[in-house]
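# Notes for the structure review
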Amino acid sequence: MLNFFKKNRLESIILAAIIILALYLRLHNISGYLTFLDDEGRDVRIVRDLITKGNLVFIGPQTSVGNMYLGPLYYYLIAPALALSFLNPVGPAIMNALIGTIVIFLVWFLGRKWFSSTAGLVSAFLYAISPVAIIYSRSSWNPNPMPLFALLSVWAIYEVWQNHKIKWLPLVGLFFAAALQMHYLGLLLIPTIGLFWILTLVPILKANDLKKRSEFIKYSLLAILVFLIMMSPLFLFDLKHNGQNLNAFKAFFSDRQTTV
């Protein structure tokens, strides 16, 4: 980081200014302006019982349509913040604000990596001052951290495809599962991940390199295993409740065409 600062002082100063601006816009008077309605109250009560009574959670929030349940990752994600704030709901909101600021750094990093330093700075600045991004970074709601995990998923599959980092495949499974547990709109990542997985596989098959092929298959299976482990609480919930979540998915896509 010091070497980068020495070589790119102006860019580093501008990035630092953007990060400071983003922190101010997200943290200023957060206790007075954060959204705290039914969903947020429900989540805090569940996590309070997790912290104070040790009640483990196997399912996450219920979706607003479709009667489906998300995974419980978000509850475990905000638990340390709620504990550190002595069960004050502002704690998880501050955690989301910090996650939103990390997303800005990641937007700069990937914009710089894929396009140019100017593209990275402009993208980070626009995300930092985006009213929508600011509003959803100032409250504790399960979809709010999703941009972080979505970007990490795309970055990981990019590294697999472009830089042949096959060992990053388990990270793809990890980040995709995390995004999916924030909100089922994470399913929109499947075409991107699937396309670049295929684009990585085709040259390996053409080269007829048995070592690379076996390595690719091994880490692909490991990625699936990581994904399944992350989603296992939901699978266990479905086993206990006669496939309630799976049936809700089927009904959503077969009976609610207008919503889809």
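A few points on the structure. It should be emphasised that the depicted structure is a prediction, and the values quoted were computed from it without experimental measurement.

On the secondary structure map, S220 appears in helix 12 (residues 210-240). Setting aside anything within four residues of it in sequence, one finds S220 in contact with L169 and W197.

A few words on the nonpolar core. In this structure, I166 and L169 are the most contacted members of the largest nonpolar core, which totals 52 residues. Of all the elements in the fold, those that place two or more residues in this core are helix 4 (38-52), helix 5 (73-84), helix 6 (90-114), helix 9 (146-162), helix 10 (169-182), helix 11 (190-207), helix 12 and helix 13 (244-255). If sequence neighbours within four positions are ignored, L169 has contacts with I157, V160, W197, F216, Y219, S220 and A223. Residues L15, I18, I19 and L121 belong to the second largest nonpolar core, which totals nine residues.

So, on to the packing of helix 6 against helix 9. At a closest axis distance of 9 Å, the pairing of helix 6 and helix 9 adopts a crossing angle of 25°. Here helix 6 is positioned roughly parallel relative to helix 9, judged by the angle of their axes. Considering how the two elements wind past one another, helix 6 and helix 9 form a crossing that is left-handed. Along the contact surface, helix 6 presents I99, I102, V103, L106, V107, F109, L110, K113 and W114, while helix 9 presents P147, L148, L151, L152, V154, W155, Y158 and E159. Looking at the contact of helix 6 with helix 9 residue by residue, the classes come out as 15 nonpolar, no polar and two charged.

Basis of the calculations
Along each chain, residues carry numbers from 1 onward, in the same order as the chain's sequence is written. Selection of residues for local features in this predicted model requires a pLDDT of at least 70, selection of side-chain atom pairs for listing and counting requires 80 or more, and totals for whole chains, interfaces and linings are taken over all residues. The basis for every side-chain value is the complete set of non-hydrogen atoms in the structure, without hydrogens or water. Helix and strand definitions follow DSSP, with helices as H or I runs of at least four residues and strands as E runs of at least two, each counted in order from the N terminus. Any two residues having at least one pair of non-hydrogen atoms within 4.5 Å are treated as being in contact. Joining through side-chain atoms within 4.5 Å is the link that ties buried Ala, Val, Leu, Ile, Met, Phe, Trp, Tyr and Cys residues into a set, and such a set is a nonpolar core. Burial classes: relative accessible area under 20% of the type maximum marks a residue as buried, over 50% as exposed, and values in between as partly exposed (1.4 Å probe, protein chains only). Comment: axis = line fitted to C-alpha atoms, over the contacting stretch for helices; angle = value between 0 and 180 degrees taken between N-to-C directions. These descriptions rest on fixed angle ranges, namely under 35 degrees for roughly parallel, over 145 for roughly antiparallel, 65 to 115 for roughly perpendicular, and the rest for oblique. Crossing handedness is read from the near helix: turned anticlockwise from the far helix by less than a right angle, it gives a left-handed crossing, and turned clockwise, a right-handed one. When residues are grouped by polarity, Ala, Val, Leu, Ile, Met, Phe, Trp, Tyr, Cys and Pro land in nonpolar, Asp, Glu, Lys and Arg in charged, and all others, Gly among them, in polar.

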